[in-house]
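Residue strings, one per chain:
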Amino acid sequence: MKHHVLLTGLLSILLAACNLTAPKPTATPFPPPTVTSSPVFTPTTIPTPTLANVTLTIKDTLVNCRFGPGVGYALINEIRQGVSARVIGRDELSAWWYIRDPGNPNGTCWVSAGVTETQGAVDQLPVVNAPIPEVTDVRLRVEPTRIVVNCSQFPQTVFFEAEVTVNGPTYMTWRWEASTGVSSTEGLLVFEEAGKKVLNDYYQIAAPNEYWIQLHILTPTESITQVAFPVSCTP
C-alpha cells in the first residue's frame, strides 16, 4: 500500500513536469529614432562695389563729349559751361573722364579732363577701356543706275562709289562682290580719326541682266551693303 502511494505521487510529479511550458521571451523595445533637423545654409552675400561719387563741372564755354577718350573719336554731344555731370570712369592716365551724358540720361561719353573741374575721389574711379571703333554708315551708289542700249553695244561700264563713315581711328578691310560671282581682292582703308572716306571702282557688263554690286566690309565690324542696277538692250 505504501509503495502504491509513492508511485502515485511520483507519477503526479512527472506528469506535472511534462506539462510545464517554456517561458515566453520578453520583447525588448527599440529606442525611438533620433530626429535631426537639416542644417539651414545662409547664402553668402557678396557686397556690391560702391562707385566713387565723383562729379564734374564744365569750365570752358563749350566742350565736346566724344565716343572715346581722344579727339580722334566721333562727337557725341556738346556740353555748355557750368553744366555738371556724373563721372563713372577714367582712362589710364586720368586725362579723359567717362561720364553720364547730361544731354541724354541713358547715354555716356568721354570728356577731356583739362576742361573740367572735378569734385570727389577721382583716384577711386575705375579705368575704362576705350571703345572699339565701328563702321556706322555706308552709302553705296552706282552710275548709271539703269542701262538700256542696243544689243550690239556691249560691253558697258558701270561706276560705283561707297562713302564709309566710322566713329573712331581704325583700319577697315573690304572687298567688292558682284552678282556674276566676281569679287575683288581685299583692300585696306586707314582712318586716322572719325569721319568719312570714299571708295571708287568700275565694272564691265557683257550682257543684259539684273545685276547688283556689294561692298563687303570685313573689319572692324562686318557688314554688307548692296545696290542693284538693271541692264537691258534692244536689237
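Scroll up a little and you will see the structure.
This text gives an overview of the structure that appears in the document. Here the structure is a predicted model, which means the values were calculated and not measured.

**Topic: the side chain of asparagine 167**
Take asparagine 167: it is sitting in the loop between β10 (156–166) and β11 (170–178). By relative accessible area, asparagine 167 is classed as buried at 8%. Within the structure, the side chain of asparagine 167 is placed 2.7 Å from the backbone nitrogen of glutamate 134, a separation counted as a polar contact. Leaving out residues up to four positions away in the same chain, asparagine 167 has contacts with Phe67, Tyr73, Ala74, Pro133, Glu134, Thr136 and Ala194.

**Some words on a nonpolar patch on the surface**
Taken together, the side chains of Tyr171, Leu188 and Val190 present a nonpolar region at the surface, about 310 Å² in accessible area. A relative accessible area of 55% means that tyrosine 171 is categorised as exposed.

**Some points on the sheet that holds strand β9 (residues 147–150)**
Strand order in the open sheet formed by five strands is β9-β15-β14-β11-β12, and the pairing between neighbours is mixed. Both outer strands of the open sheet, β9 and β12 (187–191), are each paired with one neighbouring strand and no more. Here the average twist between neighbouring strands, direction ignored, is 25°. Looking at chain direction, β11 and β12 are connected through five bridges and run antiparallel. Looking across to β12, one finds that tyrosine 171 is bridged to valine 190.

Scoring rules and cut-offs
- Residues numbered from 1 in each chain as written.
- Predicted model: local features only at pLDDT ≥ 70, side-chain atom pairs only at ≥ 80, totals over all residues.
- Heavy atoms only, no water.
- Helix = DSSP H or I, 4+ residues; strand = E, 2+ residues; numbered from the N terminus.
- Buried < 20%, exposed > 50% of the residue type's maximum accessible area, 1.4 Å probe, protein only.
- Polar contact = N/O pair within 3.5 Å; in protein donor to acceptor, adjacent residues only side chain to side chain.
- Contact = heavy atoms within 4.5 Å.
- Patch = residues over 30% accessible without salt bridge, like charges linked within 9 Å, V, L, I, M, F, W, Y side chains within 5 Å.
- Areas by Shrake-Rupley, 256 points an atom, 1.4 Å probe, with all protein chains shown as cover.
- Salt bridge = Lys/Arg side-chain N within 4 Å of Asp/Glu carboxyl O.
- Pairing = 2+ DSSP bridges.
- Axes fitted to C-alpha atoms, helices over the stretch in contact; angles between N-to-C directions.

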